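Each chain, written out:
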Amino acid sequence: MSAKDAPPPLPEPLLVEVADSHTHMDLQSGTVEEALTKAAAVGVTTVVQVGCDVKGSQWAAETAAAHENVHAAVALHPNEAPRIVLGDPDGWSRQGARQGGGDSALDDALAEIDRLAALPHVRGVGETGLDFFRTGPEGIAAQERSFRAHIEIAKRHGKALVIHDREAHADVLRVLDEEGAPERTVFHCYSGDAAMAEICAAKGYYMSFAGNVTFKNAQYLRDALAVAPLELVLVETDAPFLTPAPFRGRPNAPYLIPVTVRAMAEVRGMGENELAGAIAVNTARAFDY
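A brief report on the enclosed structure follows. Note that the structure is predicted; figures quoted are calculated from it, not measured.

Conventions and cut-offs
Residues numbered from 1 in each chain as written. Predicted model: local features only at pLDDT ≥ 70, side-chain atom pairs only at ≥ 80, totals over all residues. Heavy atoms only, no water. Salt bridge = Lys/Arg side-chain N within 4 Å of Asp/Glu carboxyl O. Helix = DSSP H or I, 4+ residues; strand = E, 2+ residues; numbered from the N terminus. Axes fitted to C-alpha atoms, helices over the stretch in contact; angles between N-to-C directions. Parallel < 35°, antiparallel > 145°, perpendicular 65-115°, else oblique. Contact = heavy atoms within 4.5 Å. Nonpolar A, V, L, I, M, F, W, Y, C, P; charged D, E, K, R; others polar. Buried < 20%, exposed > 50% of the residue type's maximum accessible area, 1.4 Å probe, protein only. Pairing = 2+ DSSP bridges. Right-handed = clockwise from strand over helix to strand, strands pointing away.

## Notes on the pattern of salt bridges
- Scanning all chains against the criterion turns up 16 salt bridges.
- Glu80 is the partner of Arg98 in a salt bridge, and the nearest nitrogen-oxygen pair spans 3.0 Å. Taken as a pair, Arg98 in strand β5 (residues 98-99) and Glu80 in helix α3 (residues 80-86) lie far apart in primary sequence, 18 residues in all.
- Through salt bridges that share partners, Glu144, Arg148, Asp171, Arg174, Glu178 and Glu179 make up one connected network.

## Quick look at the packing of helix α9 (residues 257-268) against helix α10 (residues 272-287)
- Closest axis-to-axis distance for the α9/α10 pair is 9 Å, and the angle between their directions is 110°. In this view, α9 runs roughly perpendicular relative to α10, as classed from their interaxial angle. Of the residues in α10, those in contact with Val261, Arg262, Met264, Ala265 and Arg268 of α9 are Glu272, Leu275 and Ile279.
- Of the residues assigned to the contact of α9 with α10, the class counts are 5 nonpolar, no polar and 3 charged.

## Description of the pairing of strand β7 (residues 160-166)
- With 6 of 7 residues buried, β7 is to be regarded as a mostly interior element.
- As judged from the 6 bridges shared by strand β6 (residues 122-131) and β7, these two strands associate in the parallel manner. Each bridged residue has a counterpart across the sheet, and for Val125 the counterpart in β7 is Leu161.
- Handedness of the β-α-β unit built from β6, helix α5 (residues 140-157) and β7 comes out right-handed.
- Direction of pairing for β7 relative to strand β8 (residues 185-187): parallel, over a ladder of 3 bridges. Within the sheet, the bridge partner assigned to Val162 lies in β8 and is Val186.

## Remarks on the sheet that holds strand β1 (residues 18-23)
- In space, the 8 strands of this open sheet follow the order β1-β2-β3-β6-β7-β8-β9-β10, with parallel pairing throughout. Two strands close off the open sheet at either side, each with one partner strand: β1 and β10 (233-235). On average, each strand axis in the sheet is tilted by 30° relative to the strand beside it, whichever way the strands run.
- Contacts between helix α2 (residues 54-66) and the sheet are confined to β2 (44-50), β3 (70-74) and β6, with β3 contributing the most and set at about 160° to the helix.
- Along the sheet face, α9 touches β1, β2, β9 (206-209) and β10 and points at about 150° away from the line of β10.

Right under this line is the structure:
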C-alpha cells in the first residue's frame, strides 16, 4: 500500500460527541463495524449513511436498521437520474454500462426511493439536487424532474431533504422556492459563498461543511462558515472523498471528523467542545433522531 492509499492516523479524540452528517460507508474499505468502532474511539458516535442510487439506498436502509447509531438517507444522486433515463454507455457509475430506460425507468426508481423513505430508520431523502459539473445540458431535464420528485417524497414522509449542489446554486435555490422546501433541508458539502450562506440562513437551511473547508484554495467556504448561524451548521466527511488537510488525497472515513471540527472551530473563533456540542444538537434536529 502506497502512502497515498494508507488511511490517515486517528486524530486526538473530541471530548464532546459529534455526528458525521454525510458518509458513504459502502464506498469505503473495511466493514461497517470497523468504521463505526474507529469513529466512536475519537468521539464520532453517530453517522448518516447516504444512498446515491437504488442499490446504495437499499443498503443504507438495511445498515441503519442493523445499527442503532446509523441513520439512512435514500435517493437517486443528481447524476444518477440522467443515467437511468438516457443510459450510461461508458459505465461511469458503479453499475457499469447501461441502456437508457426513459422516463418510466426513472418513475420505477423513484417509486423504490419513496418506499424506502417511509421506513422509520430512514431519516433523510438525499442526496438529491442538481449537478451541472458532470451532467451536460441533455441531462438537466431528468435531474430537475428527479429533484422535484425527491422534494415531494421528503415532504410527504416528513423527512429531511439532503441536497447535492454542484455548480448549480441559483437553480437549486429556484427549484426549492418553486416546490416549497421541506421543513428540514440540508445543503450537503456546502459549496456556496458567504452571500449564498446568508440566503440559506434566511430560509433556515442547514449548511454541512466537509473536509474541503480545510483546503488552501477554499477561502470562500471559510467565509461562508464564518457567517452561517451556529444553529444551522453541520459537519460531514462525504467519505471516502474530500479528506481534510493535511491528508488530502488519502481515503476519508468518519473517524477524521475531529480534524474538520477543529479547523471549523478556528474559523469561527470558538472552542472545539462548544462547536461539537452545537453540531451534535443541530444534526439530531436536522435528521429528527
